[in-house]
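Chain and residue survey
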Amino acid sequence: MSPKERYLRSVYLNYQVCTDVVRHYFDGLHPPTSLVQYLLDQRTKFEKEEKKIPNYQWVQLYQKVLFRADVHIKETDLKDYKEFTDRISTIFTCLFDTVDGDQKVKVVNLSRLESGEVLAKLEITSQYNPDDRKIRPALEVPVNSGNVDASLETSTDGFTFSQQGGNNDFRIRILFRADVHIKETYLASYDRTHTKDYKEFTDRISTIFTCLFDTVEGDQKVKVVNLSRLESGEVLAKLEITSQYNPDDRIIQQALKYPEQ
């Protein structure tokens, strides 16, 4: 093997092979489904280590995540804007006392609704906890109860919640594709996606395959994107599997390839 060939081989290994090998190795040590929680659990230890993690890496590991929420407040007196917003910020920040991480709530805008209620637009910053599944209920449950505390009455109408920017790798939807050979006769009506037969068949297949992930961590949904006829006269179904909160392709493939009986 010539020096040039060795060089090209090393480049190929570094860029095409090693990345996947290293990823699978560390996925075995810290599965993607629990990596975020592991980092949160180890934060105090990392802070005390002699060899400190550089700040530019620290902010990548523990980014602040911004959420926004709209809340209807049954309040009539808005004479002192600052006093009111300070009180609201304090009350809503206290809702996160039992939530992991460090959350702060800021009122960014107030407006009067036709009903006489106040629409408060909130910004919630969360450090050391990017999981909206924990942040949202801490706010939504007391708001929907009607009384956040003794001094603040809220309406169940108009509540909205969303995440803005930040590092969403832990919760991003991953798209997988699969081809499945189904031992059923391919009907001529499957050639047209708007027919009743096509819709009933694809809905049934999507439901069946989605149920295979009932015991898999995360949120998976299966969609049939195309049907074609095999030489045997049977059906080839092309599937799209979206997975949220679980990017591990090995777990997704296993659930689809080896369904539990």
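Residues numbered from 1 in each chain as written. Predicted model: local features only at pLDDT ≥ 70, side-chain atom pairs only at ≥ 80, totals over all residues. Heavy atoms only, no water.

Naming follows an unreviewed UniProt entry, where the chain appears as SEA domain-containing protein of Mytilus edulis.

**Some thoughts on the packing of aromatic side chains**
Remark: the centre distance and the inter-plane angle together describe each pair of aromatic rings, the angle taken between the planes. Stated precisely, the cut-off is as follows: Pairing of aromatic rings covers Phe, Tyr and Trp, the last through its six-membered ring, and needs centres within 6.5 Å; plane angles under 30 degrees mean stacked, over 60 mean edge-to-face, and all others mean tilted. In this scheme, a residue with accessible area under 20% of its type's maximum is buried, one over 50% is exposed, and one in between is partly exposed, where area comes from a 1.4 Å probe on protein chains only.
All chains considered together, the criterion is met by 3 aromatic pairs. Taking 5.3 Å as the distance between ring centres and 90 degrees as the angle between the ring planes, the aromatic pair formed by Tyr186 and Tyr190 counts as edge-to-face. As far as burial versus exposure is concerned, Tyr186 and Tyr190 are alike and both buried.

**Here's the deal with the environment of Val222**
Here is the rule we go by: Segments assigned H or I by DSSP are reported as helices when at least four residues long, segments assigned E as strands when at least two residues long, and all are numbered from the N terminus. Between two residues, a contact is recorded if the distance between any of their heavy atoms is within 4.5 Å.
Secondary-structure assignment places Val222 in strand 7 (residues 219-229). A C-alpha to C-alpha distance of 40 Å links Val222 and Ile53, two positions 169 residues apart in sequence. Once you skip the residues sitting within four places of it in the chain, Val222 turns out to touch Ser206, Phe209, Thr210, Phe213, Leu239, Glu240 and Ile241.

**Re helix 7 (residues 196-211)**
For the record, the criterion: Multiplying 1.5 Å by the helix residue count minus one yields the expected span of that helix. Summarising the geometry, the arc corresponds to the directions from the helix axis toward the C-beta atoms.
Between its first and last C-alpha atoms helix 7 spans 23 Å; for 16 residues at 1.5 Å apiece the expected length is 22 Å, and the two agree. Taken as a whole, helix 7 has its buried residues at Tyr198, Phe201, Thr202, Ile205, Ser206 and Phe209. All buried residues of helix 7 lie within an arc of 130 degrees about the axis, which places them on one face of the element. Within helix 7, the exposed residues directed more than 90 degrees away from the buried face are Lys196 and Lys199.

**Observations regarding the nonpolar core**
In plain terms, the rule: In this description, a nonpolar core means a group of buried Ala, Val, Leu, Ile, Met, Phe, Trp, Tyr and Cys residues linked to one another through side-chain atoms lying within 4.5 Å.
The biggest cluster of nonpolar side chains holds 27 residues, and the ones touching the most others in it are Ile73, Phe92, Phe96, Leu122, Ile124 and Leu139. Listed by contribution, the elements that provide at least two residues to this core are strand 1 (65-73), helix 5 (81-94), strand 2 (102-112), strand 3 (118-127), helix 6 (132-145) and strand 5 (152-164). The leading source of residues in this core is strand 1, at 5 residues. Contacts of Ile124, omitting those with residues within four sequence positions, involve Val65, Leu66, Phe67, Ala69, Phe96, Gln103, Lys104, Val105, Ile135, Leu139 and Phe161.

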